[in-house]
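A look at the structure
Each chain is listed here by its residues.
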Amino acid sequence: MDKKIGASVALLVLWISFSGCYSEQAQRRQLRFDGEKGQFRILQISDMHFANGKSTPCLDVFKSQRRSCSDLNTTAFIHRVIRAEKPDLIVFTGDNIFGYDATNAASSMDAAFAPAISSNIPWAAVLGNHDQESTLSREEVMKHIVKMKNTLSLVNPPDPNFIEGFGNYNLEVHGVQGSPFADKSVLNLYFLDSGDYSTLSFVSGYGWITRSQQLWFQRTSTELKRRYTDDPVTQKGSAPGLAYFHIPLPEYSSFDSSNITGVMQEEVSSPSVNSGFFKTMVEAGDVKAVFTGHDHLNDYCGKLSDINLCYAGGFGYHAYGKAGWSRRARMVVVSLRKIEGSWGAVKSMKTWKRLDDEKLSAIDAQVLWSGGSSRRKHDLL
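Given the structure is predicted, the values throughout are model-derived calculations rather than measurements.

1. Brief notes about the environment of Val 91
- Within the secondary structure, Val 91 is located in strand β3 (residues 89–93).
- Relative accessible area serves as the criterion here: at 0%, Val 91 is assigned to the buried category.
- With 62 residues separating them in the primary sequence, Val 91 and Ser 153 have C-alpha atoms 9.6 Å apart.
- Discounting chain neighbours no more than four positions away, the residues touching Val 91 are Ile 42, Leu 43, Gln 44, Ile 45, Ala 124, Phe 191 and Tyr 244.

Written out as structure tokens, the structure reads:
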């Protein structure tokens, strides 16, 4: 009898501890639109390829730059773009470290994410195909990330259903405090593990977003839509969403120079298997834009079936690039609609890129989505 009571007490303590941690995590993960301008600003950084800091050389820079150029140039660029853009969230879309050259994966990640941590700005990360090639497995890398200060990353959702990969989760961005949408997510962010390499002996190339991940996405999208259309402030349809992962989908190859904003300077390195995730997003209807990395010399956005497919462009100096073609980051600014002296649902989404040049140039500004706008013929390719 005493053993049963003891076991029950232990389970109760464990449940209370878990509930407390989950409540704290839920509170920590609360993102909200700015009440002054009605905006939410997201900075995307992809392919840092960080290794060992000062001792790690830069790749594909001019000969005159090589002697003084290292991982520290990547660090300096992060600080610089954070100061200029003042984001509300920083998203790292994989190949955060370059595993082959990183002596210690944990130390490399600590240094790579240090500028985001010191800024006290919430940040989230997904994995690329190189993050696990040092001293930690893919799962261990993600478990290290989620323990870091100010991160909103999760190893996977607190869901009893099986899901493949590490780093599949979503974040909700609520309306302005004190507005009718204060308790509603008006912008939904999806993060997925696009894998590293094919695990099938008869399929070569990169990994892909699997069926289990797509089922999670579908369930999450459906639940978010139900809550968005429910009281209070009943809405029609879904709140707009954005998706972030590393490896581009095969549909990124649907474009040429005539129907993109930005540049296409290398072949799209997508999986050889089309797992159907683009179709899944089209059917869900909420995702307005997808943001990836992986192909450092591509930085374009193209629209297909009303979904913008965008690259960030290469950010890190230990990543391959092109001498004279500045490293870059992508900004997304989501704006709310003004309603009767308050703020309502999302009105529009804009994007541009910041270059690590002398002027920190902002280029290729474009509107990704405007609420209530009609579909145009050239949006369907």
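2. Quick notes on the pattern of salt bridges
- If you walk through the whole model with that rule in mind, you get twelve salt bridges.
- Its salt-bridge partner being Asp 299, residue Arg 328 comes within 2.8 Å of it at the nearest N-O pair. One end of the pair, Arg 328, is in strand β11 (residues 328–339); the other, Asp 299, is in the loop between β8 (287–292) and β9 (301–304), with 29 residues separating them in the sequence.
- Relative accessible area serves as the criterion here: at 4%, Arg 328 is assigned to the buried category.

3. A word on the packing of aromatic side chains
- Following the criterion strictly, the structure yields 16 aromatic pairs and no others.
- With 5.7 Å between their ring centres and 50 degrees between their planes, Phe 33 and Phe 40 make a pair best called tilted. Of the two residues, Phe 33 and Phe 40, both sit in the buried class.
- Between Tyr 244 and Phe 291 the ring centres are 5.0 Å apart and the planes differ by 25 degrees, which places this aromatic pair in the stacked class. One end of the pair, Tyr 244, is in strand β7 (residues 241–244); the other, Phe 291, is in strand β8, with 47 residues separating them in the sequence. Pair check on accessibility: Tyr 244 and Phe 291 agree, each one buried.
- Through pairs of rings, three or more aromatic residues link up here, namely Tyr 169, Phe 191, Tyr 244 and Phe 291.

What counts, and at which threshold
Residues numbered from 1 in each chain as written. Predicted model: local features only at pLDDT ≥ 70, side-chain atom pairs only at ≥ 80, totals over all residues. Heavy atoms only, no water. Helix = DSSP H or I, 4+ residues; strand = E, 2+ residues; numbered from the N terminus. Buried < 20%, exposed > 50% of the residue type's maximum accessible area, 1.4 Å probe, protein only. Contact = heavy atoms within 4.5 Å. Salt bridge = Lys/Arg side-chain N within 4 Å of Asp/Glu carboxyl O. Phe/Tyr/Trp six-rings, centres within 6.5 Å; stacked < 30°, edge-to-face > 60°.

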